[in-house]
Amino acid sequence: TIVFGRHKAVVSTQSTGIQVCAGLPGGVEAAVHAARELFDDPETEALVLVDAENAFNSLNREAALNNLYVLCPEAATYLLNTYREPAKLFISGADEAILSESGTTQGDPPAMSFYACGTMPLISTTNHLEGVKQIWYADDSAAGGKLQGVKDWWDTLCINGPAYGYKPNSCKTWLIVKPQLETKARELFPDINVTTVGRRYLGSFIGSEEGKAAFMEDKVTQWCKDLRQLTSIASREPQVAYSAFVYGLSKRWNYVCRTTPGISAKLIPLEHVIREEFIPALLHRIFSCEDNLRDIFALPPRYGGMGIPILMNTADREYQYSVRATCMLKEAILKQENEYYEDINNSHEIKESIRADRNLYYSSKQSEILTSLQPTAKLMFQLAAEKGASSWLTALPLKNYGYLLNKQQFSDAIALRYNLTLKDCPKLCACGEPYSANHALTCKLGGYVSLRHNSLRDSLANIMRTVNCKDVQTEPILLPVNGMQLPRGTITGDQARLDVSARSVWNALERAFFDVRVFHAPAPTNATKPIPAMYLAHENEKKRAYNARVIEVEKGTFTPLVFSTSGGMGVEAQRLIKRLAQKMEGPTGQRYSDSVSYIRKRLRFEVLKTTVISLRGDRGPRLRTHPVLIQELDLNLEPYG
């Protein structure tokens, strides 16, 4: 993949313009937009959508490799070495493997690019016909123009295609024709299907409004069915169901929105299922999702939401974004350019413009929601939007990495995130105080405050060992002060300890000390402060206690690491994570961005799990809050004498 990736731009240049499957971003969307614009052109009489028989496996491999030396010699040697000998294909339940001797090998990373180059000679045989424009995405070919021109293109494809391993299947090929030309079309194309309504193309629809409405009705019906199946899973495994929704179902829906215009009204039934069935199953509670909460859930996680979109509100906007992002490639397709050189700067400007539009939309929605929330709910919503606070939501539920939550943990985590009432909780804490989430996270009975702190401390130490920091210690004892004058407020006890120390974190061989604090933002001592001030206050408190002693006595550096129970972190902790990510690039080979993401997720899950454990963890027998008189006790004693 790495070797072939170096030649991706060359391969794309040689094939893109008509065949758009070689790896350029938005290739399939550009093909759909081009086909729709081509068919809607008043000069176009018909559009043929071709289906080929087993095209990927039938590609003439020998011819494709020979042609590749002419079209793209930079990648030819790599592909020749890959396909010189047939690959073995193993079938479940079979005793012997079969050989892949033709076509592209299933699962091969450069298979699409290889297929694109392999079909270019065939495409060139049909590219000379006047009045016809053809569009290819892998084995899905299409051509539009005057009826006679489309007929000539189809005949040429049927004659030349088999030699290259491309065998058009007339039974599954469709001709979309303008209504007034249907009779003529059926005479010219007696062997293929003819329609005036339209037809599905690359996951979207090309044709009349009536046909599009029927297409969307079928789609939404199937989507609702799929979502209800996922809802049944959500009642047992909500985290798994949520990940499947965000990274699976919603992506398929969004693609249709990006490639099909004017479908917002058709998505109302889907929104009803999301609101009334799927979200209640995720939250493990029976309730009707109010508009305000639904708007919050529709925001991306980085804005404090859950990324469960209201498609009927976003469909038209996503379609316009797709049109803007693929405009240059679409124009190249319609101009039938044999080579396409992407304007990198222009593409970057368009993408940045779209990203800015999205961020502006979500920011305005976030601000609108904030004005309608009560103070506590507003604070929790702002905390949910902090950097890193939502990393647990965007992580796949991988057990080996410790990212898996049970349904109780997931439900409690969502309830904490959005200030929802916790289910099935006692009225009184074991300490005798009224039970609430805020109390459970600050009550020291049961040792859960220490558990949260120690778990995070140990994870940080392990990460430092992973990135080859030296002399990593937990709870190191500081050197005695021996009468040295230190600023007022400095802890000077002989047995004073910090949480973690390590060498070569900031500078080679220099010893760095770290002290961890996890605070609960809605606690009375924090709730009145702005969120940045909360972190700063706790950092400054730690610095007043230890900074001077570490610098003057230990001759090292001190960094306070402040985290909140909602998953945010202070400036000093963010700086440390970035430094550890830089050091992780060397020994692990991970990219910096992936390293930062991994460290944030790992620490976030440590905080999250210990936080939800403290909500329902056993705190021992309930303590009595008032004295009991001895005469009130029934000791079942026998009278004396």
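Along each chain, numbering runs from 1 in the same order as the chain's sequence is written. Per-residue local features are limited, in this predicted model, to residues with pLDDT of at least 70; the limit for side-chain atom pairs, both in listing and counting, is 80 or more; totals at the level of whole chains, interfaces and linings are taken over all residues. Water and hydrogen atoms were dropped before computing side-chain values, which therefore reflect all heavy atoms in the structure.

Caption draft 1: Here's a closer look at the side chain of Lys542. With respect to the secondary-structure elements, Lys542 resides in helix H23 (residues 531-554). What makes Lys542 buried here is its relative accessible area of 11%. The contact criterion used throughout is that any non-hydrogen atoms of two residues lie within 4.5 Å. Not counting residues up to four positions away in its chain, the partners in contact with Lys542 are Asp515, Val516, Arg517, Asn547, Phe558 and Pro560. Helix and strand definitions follow DSSP, with helices as H or I runs of at least four residues and strands as E runs of at least two, each counted in order from the N terminus. Note on classification: 1.4 Å probe, protein chains only; a residue is buried when its accessible area is under 20% of the maximum for its type, exposed when over 50%, partly exposed between these limits.

Caption draft 2: Up close: the packing of aromatic side chains. In this scheme Phe, Tyr and Trp rings, the latter by its six-membered ring, pair at centre separations within 6.5 Å, and the angle between planes marks the pair as stacked below 30 degrees, edge-to-face above 60, and tilted otherwise. All chains considered together, the criterion is met by 16 aromatic pairs. Note on Tyr83 and Phe114: the rings are 4.8 Å apart at their centroids and 35 degrees apart in plane angle, and the pair reads as tilted. Highlighted residues: Tyr83 in helix H6 (residues 73-83) and Phe114 in helix H7 (residues 111-126), separated in sequence by 31 residues. With a relative accessible area of 0%, Phe114 lands in the buried category.

Caption draft 3: The arrangement of unusual backbone geometry in detail. Phi at Asn419 takes a positive value of approximately 60 degrees, unusual for a residue other than glycine. Among the structural elements, Asn419 can be located in the loop between helix H19 (407-417) and helix H20 (437-442). Among the residues examined, Asn419 registers a relative accessible area of 38% and is labelled partly exposed. Non-glycine residue Glu475 carries a positive phi angle of around 50 degrees. Inspection of the secondary structure puts Glu475 in the loop between strand E10 (470-474) and strand E11 (500-503).

Caption draft 4: Structural detail: the environment of Gly556. In this structure, Gly556 sits in the loop between H23 and strand E13 (557-564). Distance from Gly556 to Arg503, taken between C-alpha atoms, is 9.3 Å for residues 53 residues apart in sequence. Among all residues touching Gly556, those that are not within four sequence positions of it are Arg511, Val550 and Ile551.

Caption draft 5: Structural detail: the pattern of salt bridges. A pairing counts as a salt bridge when a side-chain nitrogen of Lys or Arg comes within 4 Å of a carboxyl oxygen of Asp or Glu. Considering all chains together, one arrives at 26 salt bridges under this definition. One salt bridge connects Arg186 with Glu182, and the closest N-O pair in it is separated by 2.9 Å. Taken as a pair, Arg186 and Glu182 lie in helix H9 (residues 182-188) at a separation of 4 residues, close to a single helical turn. Taking the relative accessible area as the measure of exposure, Glu182 reaches 26% and is therefore partly exposed. The salt bridge involving Arg294 is made with Glu271; its shortest N-O contact spans 2.8 Å. One end of the pair, Arg294, is in helix H13 (residues 291-298); the other, Glu271, is in helix H12 (residues 268-283), and 23 residues separate them in sequence. The class for Arg294 is buried, based on a relative accessible area of 0%. Through salt bridges with shared partners, one network takes in Glu29, Arg258, Glu318 and Arg358.

Caption draft 6: Up close: the packing of helix H10 (residues 209-234) against H12. Axis angles are defined between N-to-C directions and span 0 to 180 degrees, where every axis is a line fitted to C-alpha atoms and, for a helix, only to the segment in contact. Interaxial distance between H10 and H12 falls to 9 Å at its minimum, and their mutual angle equals 5 degrees. By the angle between their directions, the pair H10 and H12 is classed as roughly parallel. Residues Val220, Trp223, Cys224, Leu227, Arg228, Leu230, Thr231 and Ala234 of H10 form the contact with H12, whose participating residues are Pro269, Leu270, Val273, Ile274, Glu277, Phe278, Ala281 and Leu282. The classification used treats Ala, Val, Leu, Ile, Met, Phe, Trp, Tyr, Cys and Pro as nonpolar, Asp, Glu, Lys and Arg as charged, and all other residues, Gly among them, as polar. For the contact of H10 with H12, the residue count by class is 13 nonpolar, 1 polar and 2 charged. Between 65 and 115 degrees an angle is taken as roughly perpendicular, under 35 as roughly parallel, over 145 as roughly antiparallel, and anywhere else as oblique.

Caption draft 7: Here's a closer look at the pairing of E11. Where E10 and E11 come together, 3 bridges link them in antiparallel fashion. Bridge pairing in E11 places Thr474 opposite Val500. Pairing between E11 and strand E12 (residues 511-519): 4 bridges, direction antiparallel. Bridge assignment links Arg503 to a residue of E12, and that residue is Arg511. Note on pairing: two strands pair once DSSP finds at least 2 bridges between them.

Caption draft 8: Region of interest: the pairing of strand E6 (residues 174-177). As defined by bridge partners, strand E1 (residues 46-50) adjoins E6 across 4 bridges and the pair is classed as antiparallel. By the bridge assignment, Ala46 is partnered in E6 with Val177. Pairing of E6 with strand E7 (residues 193-195), which is carried by 3 bridges, proceeds in the parallel orientation. Its bridge partner lying in E7, Trp174 is registered against Asn193. Running through H9, the crossover from E6 to the neighbouring parallel element E7 is right-handed. By convention, a crossover is right-handed whenever its connection, traced from the first strand over the helix to the second and viewed with the strands pointing away, goes clockwise.

Caption draft 9: Representation of the state of the cysteines within the structure. We call a pair of cysteine sulfur atoms a disulfide whenever their separation is within 2.5 Å. Tallying each qualifying case throughout the model produces 0 disulfides. Of the cysteine sulfurs around Cys21, a residue in no disulfide, the closest is that of Cys117, at 8.7 Å. Left unpaired, Cys425 is separated from the closest cysteine sulfur, that of Cys429, by 11 Å.

Remember, this is a structural readout, not a statement about activity or role.
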